[in-house]
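Fold and geometry: a report
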Amino acid sequence: MPSEPRRVALPDVRATHALAAELAATLRPGDVLALVGELGAGKTELVRGLVAALGAPPDTAVCSPSFLLLNLYRGGRLPVAHYDAYFMDSADDLERAGLDDLRRQGWLTVVEWADRVASALPADSRWLELARVPGDEGAREARLDGAPAEEPR
């Protein structure tokens, strides 16, 4: 029986990075972190904190791979493959972009907009949903390890 999702208040970027550091301590080579949330919910900011917490060089520029589909970050405890599935047409796009190969090579794989390609993700993917807090511009809330809030598109 799956456990209840854990909810975490993220009042600011520092809290988002603290959550990312907590996650980084538990992630292993080949793991998949599936991120879900509307535009501006903090998905890329979480990845920025994750890459830093894994020990990548401080000058590593972490940005959304929206138009590239994939950014690779090396130099930390785990190399990170950062996918953005927003413009992917199907789960096949993620597979063609090398998901399985990178996982076999020990990359931590983080997929933004993961609900769009959920059928291509392994069953043991760790899901994290981010949402803005209404009425508080900088605040977010995270929902961890639950299934996606909506059915995959």
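Residues numbered from 1 in each chain as written. Predicted model: local features only at pLDDT ≥ 70, side-chain atom pairs only at ≥ 80, totals over all residues. Heavy atoms only, no water.

**Description of unusual backbone geometry**
Glycine aside, the phi torsion of most residues is negative, and most peptide linkages are trans. The phi dihedral of W113 is positive, around 60 degrees, even though this residue is not glycine. As for its placement among the helices and strands, W113 is situated in the loop between β5 (108-112) and β6 (126-133). Classification of W113 by relative accessible area gives buried; the value is 11%. (Helix = DSSP H or I, 4+ residues; strand = E, 2+ residues; numbered from the N terminus. Buried < 20%, exposed > 50% of the residue type's maximum accessible area, 1.4 Å probe, protein only.)

**Looking at helix α1 (residues 13-24)**
Relative to the 16 Å expected for twelve residues at 1.5 Å per residue, α1 spans 16 Å between its end C-alpha atoms, a close match to the ideal helical length. For α1, every residue scored as buried is listed here: A15, T16, L19, A20, L23 and A24. In the core, the buried residues of α1 are packed alongside β1 (6-10), β2 (32-36), α2 (43-53), β6 and β7 (136-144). By the N-cap criterion, in which a side-chain oxygen at the helix start approaches the backbone nitrogen of a residue two or three places on, α1 is capped by D12, the distance to R14 being 3.3 Å. (Expected span 1.5 Å × (residues − 1). Contact = heavy atoms within 4.5 Å. Polar contact = N/O pair within 3.5 Å; in protein donor to acceptor, adjacent residues only side chain to side chain.)

**Regarding the sheet that holds strand β4 (residues 80-84)**
Taking strand neighbours across the sheet as the criterion, the seven strands line up as β1-β7-β6-β2-β5-β4-β3 in an open arrangement whose pairing is mixed. Each of the sheet's edge strands pairs with one partner strand only, and the pair in question is β1 and β3 (70-73). Averaged over all neighbouring strand pairs, the angle between strand axes comes to 20 degrees, with direction disregarded. Direction of pairing for β3 relative to β4: antiparallel, over a ladder of four bridges. When the sheet's bridge partners are listed, Y73 is paired in β4 with V80. (Pairing = 2+ DSSP bridges. Axes fitted to C-alpha atoms, helices over the stretch in contact; angles between N-to-C directions.)

**Brief notes about the pattern of salt bridges**
Enumeration over the complete set of coordinates arrives at eight salt bridges. Two residues, E38 and R132, come together in a salt bridge whose shortest N-O distance is 3.3 Å. In this pair, E38 is assigned in the loop between β2 and α2 and R132 in strand β6, connecting sequence segments 94 residues apart. We classify R132 as partly exposed; its relative accessible area is 39%. We note a salt bridge from R48 to E45, for which the minimum N-O separation is 2.7 Å. Linking R48 with E45, this pair stays in helix α2, spanning three residues, or about one helical turn. (Salt bridge = Lys/Arg side-chain N within 4 Å of Asp/Glu carboxyl O.)

**Details of the environment of P57**
As for its placement among the helices and strands, P57 is situated in the loop between α2 and β3. Residues P57 and G75, spaced 18 residues apart in sequence, show a C-alpha to C-alpha distance of 6.4 Å.

**A word on the side chain of K43**
Its place among the elements puts K43 in helix α2. Among buried charged residues, K43 stands out as having no salt bridge; its nearest opposite-charge side chain is E112, 4.7 Å away. Polar side-chain contacts of K43 include one of 2.9 Å to the backbone oxygen of E38. Excluding its chain neighbours within four sequence positions, the residues that come into contact with K43 are L35, V36, G37, E38, E112, W113 and L130. (Lys, Arg positive; Asp, Glu negative; His and termini not counted.)

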